[in-house]
Amino acid sequence: MKRDFLSLKDYSSQDIENLLNLAKQLKVNPRQTSDYLRGKSFALIFQKPSNRTRVSFETGIYQLGGNAIYLGPDDIDLGKREPTSDIARTLSRYVDGIVARVFSHDDIMDLARCATVPVINGLSDLSHPCQAMADIFTIQEVFTNLKGLKMAYVGDGNNMVNSLLLACAKVGAHISVATPKGYEPNAAYVRLAQQAAEKTGTSIVLTNSPQEAIKGAQVVYTDTWVSMGQEEETARRFKDFRSYQIDEKLVSLAEKNYIFMHCLPAHRGQEVTASVIDGPHSVIFDQAENRLHMQKAIMVFLYTFKHS
Ligand code: CP
Ligand code: NVA
């Protein structure tokens, strides 16, 4: 029986806590698990560009003693050169795990269903769980206790906030999401997050007001207004998101000790001003670094699970 890492909806609060603890250990002692993936290979399927995800996975696999094989759009064109199911079955005969960055979330579900090895979601149009886990880890490093903290997410109701909704609800943090009308997070993710929030006693607020969302928040988060694959909508999105920029005035409503977060890549002058993202409250490169430690924890967890 294998386990995948496709969405935080499949991970309990306890699983998330275990991953946070494991990532912490790995960060303190990065060479502790240099044997976990010895002699093992991971296929990294990327249908979209990447800096952080690709490099942190390749480096993490190397640090765990394994081997990463990058497969870009020219190598594997999911569903076009051959069916996704055949790709999954073929790769499962060679490698011990698959990381995939895809356009449609259905592609990652197909890969996981047909592969006999663990599949990890390296971003789909619906979710970005590795980033959300690294983000929660980063917040824990700053504030120690996640319970009762408030995250404000301002901007597009995209893959990033879908995963943050679940992550916050499951660790006991409140989250307020401000989007323009028509750009709300995925309704199914909101429902799942609300169910999780009921258990942990936290609140989920959806609003159109960035001011309302940010008021009293310890964590201020934003992401690009135009995600990969939405380039044709750029002009309309710039117009619709005009009043959703994170600037000094907006963050003055947050708690004094707030942190600013962004999964990157960022666009200074669009979703955030340079003064905020490059200012003293920004933890963006800690988030980026923590992708490495958290993804190593995820791989160790899946591999241990597979063999237990
Ligand atoms: N945050 C993130 O996933 O970055 P990349 O697109 O560079 O991988
Ligand atoms: N929402 C962004 C995240 C990039 C890491 C995108 O999908 O392009």
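Since this is a predicted model, take the numbers as computed values, not measurements.

What counts, and where the lines are drawn
- Residues numbered from 1 in each chain as written.
- Chains lettered and ligands numbered in written order.
- Predicted model: local features only at pLDDT ≥ 70, side-chain atom pairs only at ≥ 80, totals over all residues.
- Heavy atoms only, no water.
- Helix = DSSP H or I, 4+ residues; strand = E, 2+ residues; numbered from the N terminus.
- Expected span 1.5 Å × (residues − 1).
- Buried < 20%, exposed > 50% of the residue type's maximum accessible area, 1.4 Å probe, protein only.
- Core = buried A, V, L, I, M, F, W, Y, C linked by side-chain atoms within 4.5 Å.
- Contact = heavy atoms within 4.5 Å.
- Pairing = 2+ DSSP bridges.
- Axes fitted to C-alpha atoms, helices over the stretch in contact; angles between N-to-C directions.
- Phe/Tyr/Trp six-rings, centres within 6.5 Å; stacked < 30°, edge-to-face > 60°.
- Lys NZ or Arg CZ within 6 Å of the ring centre and 35° of its normal.

> I tried to follow helix H1 (residues 13-28) on my own but got confused; where do I start?
For H1, spanning 16 residues, the distance from its first C-alpha to its last is 23 Å, which sits close to the expected 22 Å at 1.5 Å a residue. Listing the buried residues of H1 in full gives Asp15, Ile16, Leu19, Leu20, Leu22, Ala23 and Leu26.

> Can you help me understand the nonpolar core in this one?
For soluble globular proteins, the rule of thumb is that nonpolar side chains tend to be buried together. Counting 62 residues, the largest nonpolar core has Phe5, Leu19, Ile120, Ile139 and Met294 as the members making the most contacts within it. Per-element accounting of this core gives the leading share, nine residues, to helix H6 (residues 159-171). Those residues in contact with leucine 19 that sit more than four places away from it in its chain are Phe5, Tyr11, Met133, Met294, Ala297, Ile298 and Phe301. Grouped together as the second largest cluster of nonpolar side chains are 23 residues, Tyr244, Phe260, Val272 and Ile277 included.

> Would you take a moment to explain the sheet that holds strand E9 (residues 259-262) for this structure?
Strand pairing within a sheet occurs via backbone hydrogen bonds; the two strands may be parallel or antiparallel. Across the sheet, five strands lie side by side as E7-E6-E5-E8-E9; this open sheet has parallel pairing. Since the sheet does not close on itself, it has two edges, and those belong to strand E7 (204-207) and E9, each with one partner. Across the sheet, the mean angle from the axis of one strand to that of its neighbour is 20°, orientation sign disregarded. Pairing geometry for strand E6 (residues 174-178) and E7, over four bridges, is parallel.

> Sorry, what's going on with the packing of aromatic side chains here?
We describe a pair of aromatic rings using the distance from one ring centre to the other and the angle between the two ring planes. Going through the model one piece at a time under the given rule, you end up with eight aromatic pairs. Considering the side-chain rings of tryptophan 225 and phenylalanine 238, the 6.1 Å spacing of their centres and the 75° angle between planes classify their relative orientation as edge-to-face. Taken as a pair, tryptophan 225 in the loop between strand E8 (219-222) and helix H9 (234-240) and phenylalanine 238 in helix H9 lie far apart in primary sequence, 13 residues in all. Classification of tryptophan 225 by relative accessible area gives buried; the value is 5%. Residues tryptophan 225 and phenylalanine 241 carry aromatic rings whose centres are separated by 5.8 Å and whose planes lie at 15° to one another, so their mutual orientation is stacked. Of this pair, tryptophan 225 sits in the loop between E8 and H9 while phenylalanine 241 sits in the loop between H9 and helix H10 (248-251), placing them 16 residues apart in sequence. Among the residues examined, phenylalanine 241 registers a relative accessible area of 0% and is labelled buried. Clustering of aromatic rings is evident, with ring pairs tying together Tyr183, Trp225, Phe238, Phe241 and Tyr244. Across the ring face of tyrosine 11, the terminal group of arginine 3 is positioned such that the distance to the ring centre comes to 4.3 Å. When the ring centre of tyrosine 70 is taken as origin, the NZ or CZ atom of arginine 54, which lies over that ring, is 3.6 Å away.

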